[in-house]
Amino acid sequence: SQQGEEDPQALSIQEGENATMNCSYKTSINNLQWYRQNSGRGLVHLILIRSNEREKHSGRLRVTLDTSKKSSSLLITASRAADTASYFCATDPEGSQGNLIFGKGTKLSVKP
Amino acid sequence: DTEVTQTPKHLVMGMTNKKSLKCEQHMGHRAMYWYKQKAKKPPELMFVYSYEKLSINESVPSRFSPECPNSSLLNLHLHALQPEDSALYLCASSQERVQSYEQYFGPGTRLTVT
């Protein structure tokens, strides 16, 4: 069953611009994670934010979590062509014992 | 070593064949996962092993048979697959099968069933 829903489905920006992706989910969660997937490859973990956290930073990444709205956002600042990939949010619903449910993903294209 | 390896990278098999996908990690993780990902779709959980015991089977058809020979290895045995089973099969591992641990993914096996 699908839990997360990313928005937009696709995003095209110029190098140096910021990219913002949003994720909405339906049930209470233990944590929310963001992953990146280059075309046809495995997923790479980017950042994990717990349900009691509101904001987290990692390098050029900034993630926010609003549990009252059941939504999260991923901001990539000063984007690079190498950031071109699909980005997925994955929720760990309460009671799921760590089983992640992935959203549909946002396909980001960064043009040089 | 934070790597999860998967073999083979590509596999083409007929509907009557038997084949196996292999996954290995040496991070000491106690939870391992199989996901199926169709083109332009998110990964879908198939199986979860925790401490070498099958914890989750997400209603996967019996033509897929998982096996965890030891804490570092995870296999997925395939038999009598259908063309709709063609997909990217991803293996992942995490420190434990509980909340607050990120999953490390392998590069996947691209499976084509003819």
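Residues numbered from 1 in each chain as written. Chains lettered and ligands numbered in written order. Predicted model: local features only at pLDDT ≥ 70, side-chain atom pairs only at ≥ 80, totals over all residues. Heavy atoms only, no water.

Participant: Outline the state of the cysteines, supporting the account with residue identities and numerical values.
Facilitator: All told, the structure shown has two disulfides over all chains when counted by the stated rule. What pairs with Cys23(A) in a disulfide is Cys89(A), and their sulfur atoms sit 2.0 Å apart. Its torsion about the S-S bond being 65°, the disulfide of Cys23(A) and Cys89(A) is classed as right-handed. Of this pair, Cys23(A) sits in strand 3 (residues 19-24) while Cys89(A) is found in strand 9 (residues 85-93), placing the two residues 66 residues apart along the sequence. For the residue pair Cys23(A) and Cys89(A), the accessibility class agrees, reading buried in each case. Note on cysteine connectivity: Cys23(B) is disulfide-linked to Cys91(B), with sulfurs 1.8 Å apart. (Disulfide = S-S within 2.5 Å. Helix = DSSP H or I, 4+ residues; strand = E, 2+ residues; numbered from the N terminus. Buried < 20%, exposed > 50% of the residue type's maximum accessible area, 1.4 Å probe, protein only.)

Participant: Explain the interface of chain B and chain A to me, and be specific about the residues and the numbers.
Facilitator: Residue-level contacts link 22 residues of chain B with 22 residues of chain A. Buried area between chain B and chain A, summed over both chains or domains, comes out near 1600 Å², and the portion from carbon and sulfur atoms is 50%. At the junction of chain B with chain A, the criterion picks out zero salt bridges. Inspection of the chain B/chain A interface yields three residue pairs in polar contact (both at pLDDT 80 or more). Those elements that provide at least two residues to the side of chain B that touches chain A are strand 4 (31-37), strand 5 (44-50) and strand 9 (87-94) of chain B. The element best represented in the side of chain B that touches chain A is strand 4 of chain B, accounting for three residues. Grouping the constituent residues of the side of chain B that touches chain A by class yields 13 nonpolar, five polar and four charged. (Contact = heavy atoms within 4.5 Å. Buried area = accessible area lost by both parts, 1.4 Å probe. Salt bridge = Lys/Arg side-chain N within 4 Å of Asp/Glu carboxyl O. Polar contact = N/O pair within 3.5 Å; in protein donor to acceptor, adjacent residues only side chain to side chain. Nonpolar A, V, L, I, M, F, W, Y, C, P; charged D, E, K, R; others polar.)

Participant: Kindly report on the packing of aromatic side chains, identifying the contributing residues and their values.
Facilitator: Residue and element names in this part refer to chain A. One pass over the structure, following the stated rule, counts eight aromatic pairs over all chains. Ring centres 5.6 Å apart and planes at 55° place the aromatic pair Tyr35 and Phe102 in the tilted group. In this pair, Tyr35 sits in strand 4 (residues 29-37) while Phe102 sits in strand 10 (residues 101-102), placing the two residues 67 residues apart along the sequence. Given a relative accessible area of 0%, Tyr35 falls into the buried group. Relative to Phe102, the ring of Phe88 lies with its centre 6.4 Å away and its plane at 85°, an arrangement referred to as edge-to-face. Remark: Phe102 occurs in strand 10 and Phe88 occurs in strand 9; sequence separation between them is 14 residues. You'll find Phe88 and Phe102 in the same group, each marked buried. (Phe/Tyr/Trp six-rings, centres within 6.5 Å; stacked < 30°, edge-to-face > 60°.)

In short, geometric facts, not functional conclusions.
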